[in-house]
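# Observations on the three-dimensional arrangement
Now for the letters of each chain:
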Amino acid sequence: MIPRWPEGVGQVILPTVDSTSLEAARQAPHIAGPTWFLGLEQTAAKGRRGRAWSNPAGNFAASLVYRPGGAIAHRALRSFVASLALQDALIAATGRTEGLRLKWPNDVLLNGGKLAGILLESGPSETLIIGIGVNLRAAPTQAEVETGAVAPVSLLSETGTDITPEAFLDLLAPAFAAVEAQFLTYGFDAVRTRWLANAAKLGEPIHARTVTETHHGTFETVDAEGQLVLRTAAGQRMISAGDVFF
Ligand SMILES: O=C(O)CCCC[C@@H]1SC[C@@H]2NC(=O)N[C@@H]21
């Protein structure tokens, strides 16, 4: 049996906030246990790699802050935990599995477009902050995203499902707790296997961009450390941090 993780996860709903992840970091020293901060409006939402995150009204924006304990290297693996939890919550919201794919390291795609992004950060007092944005109602325009990036889509436009951020959190919070419990009980291998079964472009050619270089090759797998394994003309290359382009 999968243990519950843990009893009494907190929820704070903020009508407006600069960024739920910034608020989570401010509150981190005071939290008693895992706490979700849901922002109905964000005025300075952050994306990965220093980018801004566009947050149209009605979209989901929340950050989970908690103390995961364990090895530092295991913290980054929570992006896979969060991706699977998002997938489960989206299936629960729509009643359908079709079209959902997971893009390394931590995006959720729907019908080939970017539906959700995850921002993992270390917070104060040994906390981990997992910021999650889902285009529930509206997708940002292509002009608002990085050149070459996957086009954004919304859940409403792709599926007709209209769900409020509050209702989506009621699906996501228990979904995260369940996948986190699996991770803690069975380790990364179980999470990794399920993630790979739902991965976008596995076995296909991709471009992986790190801070300094872009590598082209075939997306072979994700290894036990969560690194992208790319088969390039120069041999196998492991990428621990970066962005993937198709
Ligand atoms: O670049 C990405 O794909 C990650 C985007 C993460 C956005 C979310 S919205 C809730 C949380 N608060 C933020 O300021 N960012 C994250």
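Each chain has its residues counted from 1, running along the sequence as written. Only residues with pLDDT of at least 70 are given local features in this predicted model, and only at 80 or more are side-chain atom pairs given and counted; all residues enter the totals for whole chains, interfaces and linings. To obtain the side-chain values, all non-hydrogen atoms of the structure were used and water was disregarded.

The next thing to look at is the UniProt feature "domain: BPL/LPL catalytic" (unreviewed entry) in the chain. UniProt positions are given in the numbering used here, feature names are shortened, and annotations may be inferred rather than shown by experiment. According to UniProt, the "domain: BPL/LPL catalytic" (unreviewed entry) feature falls on residues 7-184. Between the end C-alpha atoms of residues 7-184 the distance is 15 Å, and the span holds 30% helix and 25% strand. Only DSSP runs of H or I covering at least 4 residues are called helices, and only runs of E covering at least 2 are called strands; the numbering of each starts at the N terminus.

Let us look at the side chain of Arg 48. For Arg 48, the position within the fold is in the loop between strand 2 (35-39) and strand 3 (60-66). Using a relative accessible area of 16% as the deciding quantity, one classes Arg 48 as buried. Throughout this description, a polar contact denotes any pair of N or O atoms lying within 3.5 Å of each other; where both atoms belong to protein, one of them has to be capable of donating a hydrogen while the other can accept it, and for residues adjacent in sequence the pair is counted only when both atoms sit in side chains. Polar side-chain contacts of Arg 48 include one of 3.1 Å to the backbone oxygen of Gly 242. Here, two residues are considered to be in contact whenever any of their heavy atoms come within 4.5 Å of each other. Among all residues touching Arg 48, those that are not within four sequence positions of it are Pro 105, Asn 106, Ile 118, Leu 119, Gly 242 and Asp 243. Three exposure classes are used, based on accessible area relative to the maximum for each residue type with a 1.4 Å probe and protein chains only: buried under 20%, partly exposed in between, and exposed over 50%.

With that out of the way, let us pick up the sheet that holds strand 4 (residues 100-103). Only strands that DSSP links by at least two bridges are regarded as paired with each other. The mixed open sheet is built from 7 strands, whose spatial order is 1-2-3-7-6-5-4. Since the sheet does not close on itself, it has two edges, and those belong to strand 1 (10-14) and strand 4, each with one partner. Strand-to-strand twist of the sheet, defined as the mean angle between neighbouring strand axes without regard to direction, takes the value 20 degrees. With 8 bridges connecting them, strand 6 (residues 113-123) and strand 7 (residues 127-134) associate as antiparallel partners. When the sheet's bridge partners are listed, Ala 116 is paired in strand 7 with Val 134. Structural elements are reduced to axes, namely lines fitted to C-alpha atoms, with helices fitted over the stretch in contact, and the angle between N-to-C directions of any two is expressed from 0 to 180 degrees.

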